[in-house]
Amino acid sequence: MKVAWSSGVSCRPQTAALLALCGSLWVAGAPAFAAKPVALEHRLGRNDVRVFAAPHRISSGDLLRGSALPDRLSAQGYRRVRHKPKSPGEFFWGLDRFWIFRREFVSPGRRPEGARLIGINLNRANGRITRIGFDEDATKSVSEVSLEPVLLSETLEGRRAPRAWVPLDQLPEHVWRSVLAIEDARFFEHGGVDPRSVARAVFKNAKAGRVTQGGSTITQQLIKMRDLTPRRTMGRKISEAMRALALEAEYDKREILEAYLNSVYLGHSDGTAVYGVGSAARFYFGKSASELSLGESALLAGMVQGPNRLHPGRNPEPALARQRSVLARLHELEWLSTRDIDRARRAGLPKLRPTRFEATLLPTTLAWIREDLGTIAPRRAKDERGVVVQTTLDAHLQALARGSVRGELERLERRFSGLRREGLGVALVALDGTNGDVLAVVGADPRTRDDFDRARSARRQPGSSVKPLVLLEALESCGVRDPLYTSRRIADRPLTIELPGGPWSPANPTGRYRGTVDLRTALVDSLNVPLVRIARWCGFEATAERFRAVGLDVPSQPPPSFALGSVEVTPVELASAFTTFVTPGRRQEARLIERALTPSGRGIGRAKSRSKRVVRPSTAYLVRDLLREAGAKSLGARAFEGLEVIGKTGTSSERRDAWFAGSVGSMVVVVWVGYDDGGSLGLSGAQAAVPIWRAFAERAAPTLRPFQVPRPRAIVERWIDPRTGLRVRSPRGGARREIFRDGDEPRRKRLFSSRGAERPVV
């Protein structure tokens, strides 16, 4: 006769007895004190997924406020104290001293880092870090120290409630006793595999003719959750048992129970998966795990058997029956007082106060990580095995980006009531302009559960934000002509171009014309007609090829309107294009993953930074200087902690799309706002995109390290006559300073020459 295990695997009684005997031998031969390389909290199973932010490093010379260190620590759950920290997870901030009692942690692929007390000396006048050391060795100092890595997600699929690890000693006794009562009452008596429970399960299942009771211990369940596949085979059961025995030989019972309570799956609701009693307490009852009542604890313990089948909101009657079974078992074991159990039974099903969680990473960002993981580690991504992903994201900037987008969208909707209709889309992309690393990304409205990634997938017309790219070609080579220069005069008069489909007549945003303007004014004031004339002068195809060089998809034989942004781009593509003005001259491809590892720490793939030379540094520097003036005009006089800011607005035809692209220091930021259906937004880039860009940049700027784009040697300064664009010897007569590339300059104005200004570009 065959009987069944709790997992549904059929086996003979002789096999069960043999497994129990193997377990006994394993325990007998296990070392009494096994080495424990890392706390169980940080030890990953084969199926575990971890997505980490880039490590934050504290360096000598940094400004404390600029690094946002107090904010970063608070976000990671550190508690500020008024004295020198005595326990991990505390920090002290004084006028000339900053203490951090850093917790134990394990960086991906590295050895465990024990808890350490870090002392930071500050310059009292400006808060600059002057020395970093460790309390246990006051004689030595280090130039740099890292905080523990910030965990961004424990999944690459769907939504998962953030899990905060709750120590066992912070849980009421009835929380863990409820779980043990119904799942593994002999937990503190067995060695990982309980032969008595196995035998009892075999007997009862055989008598019932079906699976009515399981024999897996808490330790075996933990192993199954973290290490093994869900396939129900004898090999898996044997492996599960052996691993459970090994785990118990290495770790204390309380550690194993703590790990289980913080790992167990407790339901899926409203699109969010819940793991661990800490998250479940928040999710179902709106309270911390330390505040759970006996009735609530018994309900959660009962859900372990079938979290969705016994969900109290969807299936209250089965959930209540299961809760009563837990209470009855507690009474049978005499683990809690009869009075407390009766009170919980009379109270019935606890009232639910569901709390909506906000995941650290939006599904759109997880989808990007998944896609890139498929490139650098295709087999692991395909098999959906456990993986550790080290991203380039800055956890603090990511939080600022989401907060800025959310807050400014709410302000826009209050100011412009027409925006409240469904389908409003938004994207923000922040890159490290020096290497393309993605520092922050928001691909959807954080207030919604939208899964469409507008940062990478929404191809929309960028409007005037691509005009700087027209000037890259004009100042670099200008097709077969001589390169233009910043004071070159451009005709600003009505223009009509004959096309196969009929004549096309671009117009300036104001509908007015100025006769003749210089190239600088054409960009800073975003004049359409002069920019089209520049593209035609240099050659539309030559200009289109420069667009392609910076990563924009321009079709062959494009219409002239592409120079005004009629091509389609994504925010990520435009951000990568704008890194050309930071490097200067090289386009950096956006990179979100730095490396991937197995849960055991073995490297399985890296994503290299990729760049391409687009123009000479001098050309990029010239356009950057124009964008500095354009950015100041759009953003107004703003304090960015001494960091240079550049930028350009963009508004597509009929005001469908609003853009702002630019950089603050070394960080490139692009913002897009529009409707997914292509309907008219009715707002310009200055009205819709600039407020979001400014809100994020102002908050982020203090955290950025000092950065200056060095002036290339080929760049020279000259005095020019603004009426003619020609060089003059002195600053008399209203002359102004202008920069040029040495050799590509206007001719000198001759005092008695009959030649006037050069003929403008037409």
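All values derive from a computational prediction rather than experimental measurement.

Draft legend 1. Focus on the overall build of the protein. Along the protein, the regular secondary structure elements total 22 helices and 34 strands. Every one of the 762 residues in the protein was classed for burial, and the buried ones make up 54%. A fraction of 69% describes how many contacts in the protein between residues 6 or more apart in sequence connect residues 24 or more apart.

Draft legend 2. Just the packing of helix α16 (residues 467-476) against helix α21 (residues 617-635), in detail. In contact at an axis separation of 9 Å, α16 and α21 are set at 140 degrees when each is read in the N-to-C sense. Taken together, the axes of α16 and α21 are oblique relative to one another. When you trace α16 past α21, the crossing you get is right-handed. Side by side, α16 and α21 meet where P468, L471, L472, L475 and E476 of the first sit next to T619, A620, L622, V623, L626 and L627 of the second. For the contact of α16 with α21, the per-class residue count stands at nine nonpolar, one polar and one charged.

Draft legend 3. Geometry of the sheet that holds strand β15 (residues 159-160). Across the sheet, three strands lie side by side as β15-β17-β16; this open sheet has mixed pairing. Bordering the open sheet on either side are β15 and β16 (265-269), each of which pairs with just one other strand. Examined bridge by bridge, β15 and strand β17 (residues 272-275) share two bridges and lie parallel to one another. Across the sheet, the residue bridging to R159 is T272, located in β17.

Draft legend 4. The arrangement of the environment of V145 in detail. Looking at where V145 falls in the secondary structure, it is placed in strand β13 (residues 144-146). In this structure V145 comes out as buried when scored by relative accessible area, which is 6%. In this view, V145 contacts H56, R57, I58, R102, I118, I132 and F134; residues no more than four positions away in its chain are not counted.

Draft legend 5. Structural detail: the nonpolar core. Counting residues in each nonpolar core, the largest one holds 87 residues, and the members touching the most others are I369 and L373. Residues within four places of I369 in sequence aside, it is in contact with V51, L156, L361, V389, T391, L592 and I593. Among the nonpolar cores identified, the runner-up in size contains 50 residues, and A161, L180, I256 and L261 belong to it.

Rules and cut-offs
Residues numbered from 1 in each chain as written. Predicted model: local features only at pLDDT ≥ 70, side-chain atom pairs only at ≥ 80, totals over all residues. Heavy atoms only, no water. Helix = DSSP H or I, 4+ residues; strand = E, 2+ residues; numbered from the N terminus. Buried < 20%, exposed > 50% of the residue type's maximum accessible area, 1.4 Å probe, protein only. Contact = heavy atoms within 4.5 Å. Axes fitted to C-alpha atoms, helices over the stretch in contact; angles between N-to-C directions. Parallel < 35°, antiparallel > 145°, perpendicular 65-115°, else oblique. Left-handed = near helix turned anticlockwise from the far one by under 90°. Nonpolar A, V, L, I, M, F, W, Y, C, P; charged D, E, K, R; others polar. Pairing = 2+ DSSP bridges. Core = buried A, V, L, I, M, F, W, Y, C linked by side-chain atoms within 4.5 Å.

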